[in-house]
Amino acid sequence: STIFHNGKKVIFIDYSQVQSEDEALQTLYKVRDLLASSPEKVLKLNNVEGAFATPKFMSEAKRLNKEILDAKTHKGAIIGMNALQGILLKGFNVFSKQKLVPFKTKEAALNYLTA
């Protein structure tokens, strides 16, 4: 979905309701398609509260990030992380030009993205 904050458009990617690896991958592919069709770089906010990342999902996320998402992202943030997700994020950010910055609250993440 799209959020407008401080007069700027933020793409909100919500994995919190995802119940399976297939659903997570479908969400990832929707993000890929949305960003690929965007004429400009975007601000992204990912919500991973309660979500899980399988090895297949992480591998696909890294691949798509390198191919498309990194080039189309101006700034990225992430909320809802647990300790294990934090470890996975560190590994993901190693491969990413546009790092996902973790925040405890949606408001703090939105303020960072739109500053």
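Residues numbered from 1 in each chain as written. Predicted model: local features only at pLDDT ≥ 70, side-chain atom pairs only at ≥ 80, totals over all residues. Heavy atoms only, no water.

Q: Explain the sheet that holds strand S2 (residues 8-14) here, please?
A: Across the sheet, which stays open at both edges, the 5 strands sit in the order S1-S2-S3-S4-S5 with mixed pairing between neighbours. If you trace the sheet from one side to the other, it starts and ends with strand S1 (2-5) and strand S5 (100-103), each paired once. Averaged over all adjacent pairs, the angle separating strand axes in this sheet is 30°, with direction ignored. In terms of strand pairing, strand S4 (residues 73-79) meets S5 through 4 bridges, oriented parallel. (Pairing = 2+ DSSP bridges. Helix = DSSP H or I, 4+ residues; strand = E, 2+ residues; numbered from the N terminus. Axes fitted to C-alpha atoms, helices over the stretch in contact; angles between N-to-C directions.)

Q: Which parts of the structure should I look at to understand the pattern of salt bridges?
A: Pairing is possible between side chains of opposite charge, provided their charged atoms come close. The full count for this structure, using the stated rule, is 3 salt bridges. Its salt-bridge partner being arginine 32, residue aspartate 33 comes within 2.9 Å of it at the nearest N-O pair. Exposure remark for arginine 32: the relative accessible area of 23% places this residue in the partly exposed category. Of the charged contacts, one joins arginine 63 and glutamate 60 as a salt bridge, the two residues approaching to 2.6 Å between their closest N and O atoms. Highlighted residues: arginine 63 and glutamate 60, both in helix H2 (residues 55-72), separated by 3 residues, approximately one helical turn. It is possible to trace a salt-bridge network through shared partners that takes in Glu60, Arg63 and Glu67. (Salt bridge = Lys/Arg side-chain N within 4 Å of Asp/Glu carboxyl O. Buried < 20%, exposed > 50% of the residue type's maximum accessible area, 1.4 Å probe, protein only.)

Q: How do you make sense of the side chain of threonine 73 when you look at a structure like this?
A: Relative to the elements of secondary structure, threonine 73 occurs in strand S4. Given a relative accessible area of 2%, threonine 73 falls into the buried group.

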